[in-house]
Amino acid sequence: MEVINILGTGSAMVTKCYNTCFTISNGKEHFLVDTGGGNTILSNLEKLDIGMDQIHNVFISHRHNDHISGIIWVIRAVAQQIINGKYDNNLTIYCHKENIDAINTISDLLLDKKFTKYIGTRIIFREINDKCKLSILDWNIKFFDIRSTKQLQFGFSTILKNGKKITFLGDEPYNEKSFEYANNADYLFHEAFCLFSQKDIFKPYEKHHATVKDACENASRLNVKNIVMYHTEDKNITQRKKLYTDEGRKFYSGNIIVPDDLDIIEL
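Residues numbered from 1 in each chain as written. Predicted model: local features only at pLDDT ≥ 70, side-chain atom pairs only at ≥ 80, totals over all residues. Heavy atoms only, no water.

S.K.: Explanation requested: the sheet that holds strand 8 (residues 139–145) in the structure shown.
M.R.: Adjacent strands of a sheet pair through backbone hydrogen bonds, lying either parallel or antiparallel. Across the sheet, 7 strands lie side by side as 7-8-9-10-11-12-13; this open sheet has mixed pairing. Because the sheet does not close on itself, it has two edges, and the strands there are strand 7 (133–136) and strand 13 (255–257). Adjacent strand axes in the sheet meet at a mean angle of 20 degrees, parallel and antiparallel pairs treated alike. Summarising the sheet, strand 9 (residues 154–159) and strand 10 (residues 165–168) pair through 4 bridges and their orientation is antiparallel. Residue pairing across strands places Ile159 opposite Lys165, the latter belonging to strand 10. This element, helix 8 (residues 212–221), spans strand 11 (187–191), strand 12 (226–230) and strand 13 of the sheet and lies at about 155 degrees to strand 12. (Pairing = 2+ DSSP bridges. Helix = DSSP H or I, 4+ residues; strand = E, 2+ residues; numbered from the N terminus. Axes fitted to C-alpha atoms, helices over the stretch in contact; angles between N-to-C directions. Contact = heavy atoms within 4.5 Å.)

This is the structure in structure tokens:
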């Protein structure tokens, strides 16, 4: 069964949840989407009973600390399993050239040679470009440049085995140039930094982020069946699900999903 395993839901400076990342699972293997900013990635994978030997494909959307830093822990964990003879096949990391350079640099600075020696042989980079299509696990993944206003960032879209379309927009608001990927999606992953009613408190537009209202208006206009809102502030963490859902329903009549860390979404 195809499911989404939510590993983190927060924006960069959260302390009450982990940074946004998740896996798409086909039941046996997991496609890891971003890695958050620290080794909580390992803890949350363990809590969801996802073994490192079940991850052979990782996508890094862009070079912000809360999305890329966790890859160092993934590389170290995979390399250790290779050393122990417990990791079959290779780990492939899909990202653009700037991310490849950053990960190589950080790995060289922070990891021992006994781990980094597997980069290029058993831990392999696959450079992605705008509109490139790659087969990953059971899915044909279409990567696209989200046209970030801050730095180069990619999203992706794919059709699941059950025929449903899933689109991940990264951590910036929907851009009209991504229309073909987001339109009529069954599941649209759209960042929602805060409630629109609290925009003056959290100032999302200064950070090039969206509010719940913005995300839900986009989902309505794009004829999306389910919107998954993530990459949020954490001051409202205990009431986030209700607050975000209540505000979102004013602008969108489809299904609203506001996940917590470690939630599982059946697709």
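S.K.: What is the right way to look at the layout of surface pockets in this model?
M.R.: Over the atoms, a rolling probe the size of a water molecule traces out where space has been left empty. Roughly 240 Å³ of internal volume is contained in the largest pocket. Ser11, Ala12, Met13, Phe193 and Lys207 are the residues nearest the centre of the largest pocket, which is lined by 16 residues in total. Split by residue class, the lining of the largest pocket holds 5 nonpolar, 4 polar and 7 charged. In this structure, the second largest pocket spans a volume of roughly 160 Å³. Forming the boundary of the second largest pocket are Asp138, Asn140, Lys142, Ser157, Thr158, Ile159, Lys165, Glu180 and Tyr181. Of all the secondary structure elements, the ones that give two or more residues to the lining of the second largest pocket are strand 8, strand 9 and helix 6 (179–182). Broken down by element, the lining of the second largest pocket gets its largest block of residues, 3 residues, from strand 9. The residue makeup of the lining of the second largest pocket, split by class, is 2 nonpolar, 3 polar and 4 charged. (1 Å grid on protein atoms, 1.4 Å probe; cavity = no way out; pocket = protein on both sides within 12 Å on 5 of 7 lines; lining within 4 Å. Points joined across faces, edges and corners; volume = space filled by probe spheres on them. Nonpolar A, V, L, I, M, F, W, Y, C, P; charged D, E, K, R; others polar.)

S.K.: Help me understand the pairing of strand 7 in this model?
M.R.: The two faces of the sheet receive side chains in turn, since in a regular strand these alternate between them. Along strand 7, the buried face is formed by Leu134 and Ile136; none of Lys133 and Ser135, which line the opposite face, is buried. Pairing of strand 7 with strand 8, which is carried by 4 bridges, proceeds in the antiparallel orientation. The residue bridging Ser135 from the neighbouring strand is Asn140, located in strand 8. Hairpin connection, strand 7 to strand 8: the antiparallel pair is bridged by 2 residues, and Leu137 has positive phi, about 55 degrees. (Buried < 20%, exposed > 50% of the residue type's maximum accessible area, 1.4 Å probe, protein only.)

None of the figures reported here should be taken as evidence of function without further support.
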